[in-house]
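One-letter residues, chain by chain:
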Amino acid sequence: MYFKQFYLGCLAHASYLIGADGEAVVVDPQRDVEQYLAEAQRQGLRIRHVIETHLHADFVSGHRELAERAGARIYLGHRAGATFEYVAVHEGDEIRLGQDVVLRFLETPGHTPESISVLVFDHGVSTEPLKVLTGDTLFIGDVGRPDLVGSKGYSAAAMAGMLYDSLRQKLLSLPPTVEVYPAHGAGSACGRNISKETSSTIGREAATNYALQPMTREDFVRLMTTDLPPAPPYFSHDAEQNRQGAVPLDSLPPPPRLAPTEFARLTEEGAVVLDVRDGAAFGRGHVPGAINVGLGGPFASWAGTLLSPGQRLLIVGENDEMVQEARVRLARVGFENVAGSLAGGVAAWEDAGYSLARVPQVTVDELRREENYGLLYRILDVRRPAEYAGGHIPGAINLPLDRLEKELAELDPTRPWAVACASGYRSSAACSLLKRYGYHRIANVVGGTTAWTQAGHTVESTPPSA
């Protein structure tokens, strides 16, 4: 048996190629599918089957394009309700690859109603399953959220109850040596406490995963439905695209390179400028009103969170390669309405006589000096509440980036704000949003709270009193 995990760090997404005796199956493919076709060809395999463990909400799958290009069939849980042709699988259905390799489906609802897991057998090695591909039902260190858009028509509590049964009755009943391969790793919004590890075993998860510890069904439901962060707004859009099957990635035209005058005209008509450079470059000068989501971080998920799929987007990058990379990553989360890019970048914009906006970059040592810290700047921490509670710059207030636009009324626009996160990535995005809403006395904290603690400065580990 040939087995390979493909891990896409930008989306914390894992997909899989399994092959034997010249045939192969791909599980949970990302939107750009060329890598699976190339790897199958290198291994002398023909992709005959494409499995979706569920209708993903956090990325757009390439299942339909891959199936069409490879001449394969698509498999989904029988509750999926997809609008394209697929094989609806039930508990115990199997796919055979050659003589010895068998993939057996388990119905494991809870993250979504149609969620399935896939047991992998190699009868040439053992009569017991060797691996289980758990989709978003079981992660490493966590389990799937029960409240996302795939659960439409079901309450989070009802889905959590299904998840409890799927975990206890199906997955935890497997031999402890069975290897666990989920669809996501750390950073995915589909779980709350996902490990950085990308595989585990049933035994290890049973011993260490907080959600698998002994508890009643009622306690589990309460645990799974309490203090859930809001689902990113693009999730419903992506789930529906996956239900219908996305168009081939190559059918999307490349963004036209626009002269500054045409670029400016489109911004006046309402197109949103997305600057994909790093925070330092953005701070030195950017098109006024631009939103900064750097390609160097979890770009796709934050672009999906801060933008709307229906918006016309204009991209600013360092070069054409950066623009094209942004184009592909946006398409992976269903953002296809890219109207163009700024030819020549911000240098061409300035040379054409247009003004640049800037965001000062303040170091943690500058922030700590008496004339800045506590007197000049009020500190805004845009990390998640758990990160903030675990240690923050003294006196900082917490307003997570994904809630920033909705809760701007909490911030005084007349005060100077130094914006911090863990590294400077999210804070630069936050600064760009604040500037769009008229907050002009802002600065980005270089290196964020990580740099602050590494410099030996004091942190508060609990929220300050009101």
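Structure shown above.
Cut-offs applied
- Residues numbered from 1 in each chain as written.
- Predicted model: local features only at pLDDT ≥ 70, side-chain atom pairs only at ≥ 80, totals over all residues.
- Heavy atoms only, no water.
- Pairing = 2+ DSSP bridges.
- Helix = DSSP H or I, 4+ residues; strand = E, 2+ residues; numbered from the N terminus.
- Contact = heavy atoms within 4.5 Å.
- Axes fitted to C-alpha atoms, helices over the stretch in contact; angles between N-to-C directions.
- Phe/Tyr/Trp six-rings, centres within 6.5 Å; stacked < 30°, edge-to-face > 60°.
- Buried < 20%, exposed > 50% of the residue type's maximum accessible area, 1.4 Å probe, protein only.
- Core = buried A, V, L, I, M, F, W, Y, C linked by side-chain atoms within 4.5 Å.
- Salt bridge = Lys/Arg side-chain N within 4 Å of Asp/Glu carboxyl O.

Another point: the sheet that holds strand β13 (residues 257-258). Sheet architecture is open: 5 strands sit in the order β13-β17-β16-β14-β15, paired in parallel fashion. The two strands at the open ends of the sheet, each matched to only one other strand, are β13 and β15 (291-292). Contacts from helix α7 (residues 260-268) reach β13, β14 (272-275), β16 (313-316) and β17 (338-342), with the element oriented near 140° to β16. Running over the sheet, helix α10 (residues 320-332) touches β13, β14, β16 and β17 and is turned about 140° from β16.

Time to look at the packing of aromatic side chains. All told, the structure shown has 11 aromatic pairs when counted by the stated rule. Where Y75 meets F105, the ring centres are 6.2 Å apart and the plane angle is 20°; that geometry is what we call stacked. Pair noted here: Y75 is in strand β5 (residues 73-77) and F105 is in strand β8 (residues 101-107), with a separation of 30 residues, a long-range link. Neither Y75 nor F105 differs from the other in exposure class; each is buried. Centre to centre, the rings of W349 and Y354 are 4.4 Å apart; their planes meet at 25°, and the pair counts as stacked.

A separate point is the nonpolar core. Counting 65 residues, the largest nonpolar core has F299 and L404 as the members making the most contacts within it. Core analysis: the second largest hydrophobic core is formed by 22 residues, L163, Y164, L212 and F220 among them.

The next thing to look at is the pattern of salt bridges. Per the stated rule, a full pass over the model turns up 27 salt bridges. A salt bridge links E23 to R48, with the nearest nitrogen and oxygen atoms 2.8 Å apart. One end of the pair, E23, is in strand β3 (residues 23-27); the other, R48, is in strand β4 (residues 46-51), and 25 residues separate them in sequence. We classify R48 as partly exposed; its relative accessible area is 30%. When the shortest N-O distance is used, the salt bridge between K170 and E91 registers 3.1 Å.

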